[in-house]
Amino acid sequence: MQKTVNKVVNNHPISGSLSDYYFYSPLPYQDGKATDPFLLLHHHGPMTLPPFNSGMPFGPHPHRGFETVTWIISGHVVHKDSHGYHSRIDAGGVQWMSAARGLIHNEYVEKSFKEEGGDLELLQLWINLPAKLKMNPAKYTGLQKNDIPVITADNDKVQIAVAGGSWNGHKGAINSLTGVNAALITMQPDSKADINVAEGRNVLFYVLRGNVTVNGTTAGDRSLVLFNNDGDTINITTSSDAIILYCDGAPLNEPVAWHGPYVMNTQTEIMEAMRDERMGKFGFYID
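Here the structure is a predicted model, which means the values were calculated and not measured. (Residues numbered from 1 in each chain as written. Predicted model: local features only at pLDDT ≥ 70, side-chain atom pairs only at ≥ 80, totals over all residues. Heavy atoms only, no water.)

Sorry, what's going on with the overall build of the protein chain here?
For the protein chain, the count of helices and strands is two helices and 26 strands. In terms of its C-alpha atoms, the protein chain occupies a principal-axis envelope of roughly 55 × 45 × 30 Å. With 287 residues in all, the protein chain has 53% of them scored as buried. Across the protein chain, contacts joining residues at least 24 apart in sequence account for 72% of those joining residues at least 6 apart. Only carbon and sulfur atoms are counted for the fraction: they give 49% of the accessible area of the protein chain, which is about 12600 Å². Of the charged side chains in the protein chain, 22 are positive and 29 negative; the average position of the first set lies 6 Å away from that of the second. (Helix = DSSP H or I, 4+ residues; strand = E, 2+ residues; numbered from the N terminus. Buried < 20%, exposed > 50% of the residue type's maximum accessible area, 1.4 Å probe, protein only. Contact = heavy atoms within 4.5 Å. Areas by Shrake-Rupley, 256 points an atom, 1.4 Å probe, with all protein chains shown as cover. Lys, Arg positive; Asp, Glu negative; His and termini not counted. Charge placed at Lys NZ, Arg CZ, Asp CG, Glu CD.)

Would you take a moment to explain the sheet that holds strand S22 (residues 223-227) for this structure?
Neighbouring strands of a sheet are bound in pairs by backbone hydrogen bonds; such pairs are parallel or else antiparallel. Strand order in the open sheet formed by seven strands is S1-S22-S19-S24-S17-S14-S13, with antiparallel pairing between adjacent strands. A strand with exactly one partner marks an edge of an open sheet, and here the two such strands are strand S1 (5-10) and strand S13 (150-153). Taking each pair of neighbouring strands and ignoring which way they run, the sheet shows an average axis angle of 20°. For strand S19 (residues 202-209) and S22, the ladder comprises three bridges, and the chain directions are antiparallel. Residue pairing in the sheet places Phe205 in a bridge with Val225 of S22. (Pairing = 2+ DSSP bridges. Axes fitted to C-alpha atoms, helices over the stretch in contact; angles between N-to-C directions.)

Even after reading the chapter, I still don't get the packing of aromatic side chains, so can you show me in this structure?
Ring pairs (aromatic) are described by centroid distance and by the angle formed between their planes. A complete count under the given rule lists eight aromatic pairs for this structure. The interplanar angle of 25° and the centroid separation of 4.4 Å between the aromatic rings of Phe66 and Trp126 together place this pair among those described as stacked. Taken together, the residues span a long stretch of sequence, with Phe66 in strand S6 (residues 66-74) and Trp126 in strand S11 (residues 118-128) at a distance of 60 residues. (Phe/Tyr/Trp six-rings, centres within 6.5 Å; stacked < 30°, edge-to-face > 60°.)

Which parts of the structure should I look at to understand helix H2 (residues 267-278)?
End to end, H2 covers 17 Å across 12 residues, agreeing with the expected 16 Å (1.5 Å per residue, within 8%). The complete set of buried residues in H2 reads Ile270, Ala273 and Asp276. The arc that holds the buried residues of H2, viewed along the axis, is 125°, so those residues lie on one side. Exposed and facing more than 90 degrees away from the buried side of H2 are Gln267, Thr268, Met271 and Arg278. (Expected span 1.5 Å × (residues − 1). Arc of directions from axis to C-beta.)

Please explain the environment of Phe227 as it appears in this structure.
Along the chain, Phe227 falls in strand S22. Taking the C-alpha atoms as reference, Phe227 lies 36 Å from Val109; in sequence the two are 118 residues apart. Filtering out sequence-adjacent residues up to four positions away, Phe227 remains in contact with Lys3, Thr4, Val5, Asn6, Val203, Phe205, Val214, Asn215 and Ile234.

Got a minute to help me understand the UniProt feature "binding site: Fe cation" (unreviewed entry) in the protein chain in this structure?
Using the residue numbers shown here, the UniProt feature "binding site: Fe cation" (unreviewed entry) corresponds to His61, His63, His105 and Glu107. Spatial clustering of the annotated residues is evident: they stretch over 47 residues in sequence, but the largest pairwise C-alpha distance comes to 12.8 Å. The residue His63 is located in strand S5 (residues 61-63) in this model. Exposure remark for His63: the relative accessible area of 3% places this residue in the buried category. Setting aside residues up to four positions removed in sequence, His63 forms contacts with Met97, Ala99, Gly102, Leu103, His105, Trp126, Pro261, Tyr262 and Phe282. (UniProt positions renumbered as here; feature names shortened; annotations may be inferred.)

Laid out in structure tokens, this is it:
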């Protein structure tokens, strides 16, 4: 049975602190239950930064209580954190970070990119952790394009890069702490893809670009497709080149206390996170 589409939400750009840098914010959506355990999705770009740009408008900052997954569509991102993880991931790769009990990290581009300019496009997704996992040790994994399994369909006109969990039985690069399935789907014109969704799981379906039809409903560039929690199949067809972020996960159904870079279950835990970061319990970021 096909899952029924509840709504298609189109997104508009939000300017960053730099005039050349902008992003879209498909999540959070006002009905958090529809997307639980997915908290936030930012689509940075696509943009071409000029020579002598200021790079990404972020500095070192803390996190606790959730995971971040960053897909590099074009360009590159360097990750460095207070636990000693440090890597540069290029186009086609993924950065999967479990902040859990806390760390301080920075995301930036190389000095040469600031000097020369270039194309940059990223997706960053925040995935909530259940209360029992929020105080796990922090962990980071950097995956280059060749580290991520790619499943093909429809005579190779569809490619599915499976970063986390699995895709129709094919194992991905990472076993998510919460069993989330996460994949980036690239489709050629006049192609189709079918997805099997386990009962009771919520779906994150974001069209970066392309004109697609999903379970009978059309969606275009920068569209978030929201589904009802019913059915077990998603059928996609496209008349153009398309890129889609697809994730599914079991809803946590837990209270959410959210303050900036901290996502916990109670306001008391938020205050504890802020105190712990000030006391150095997240580690110390060294530039």
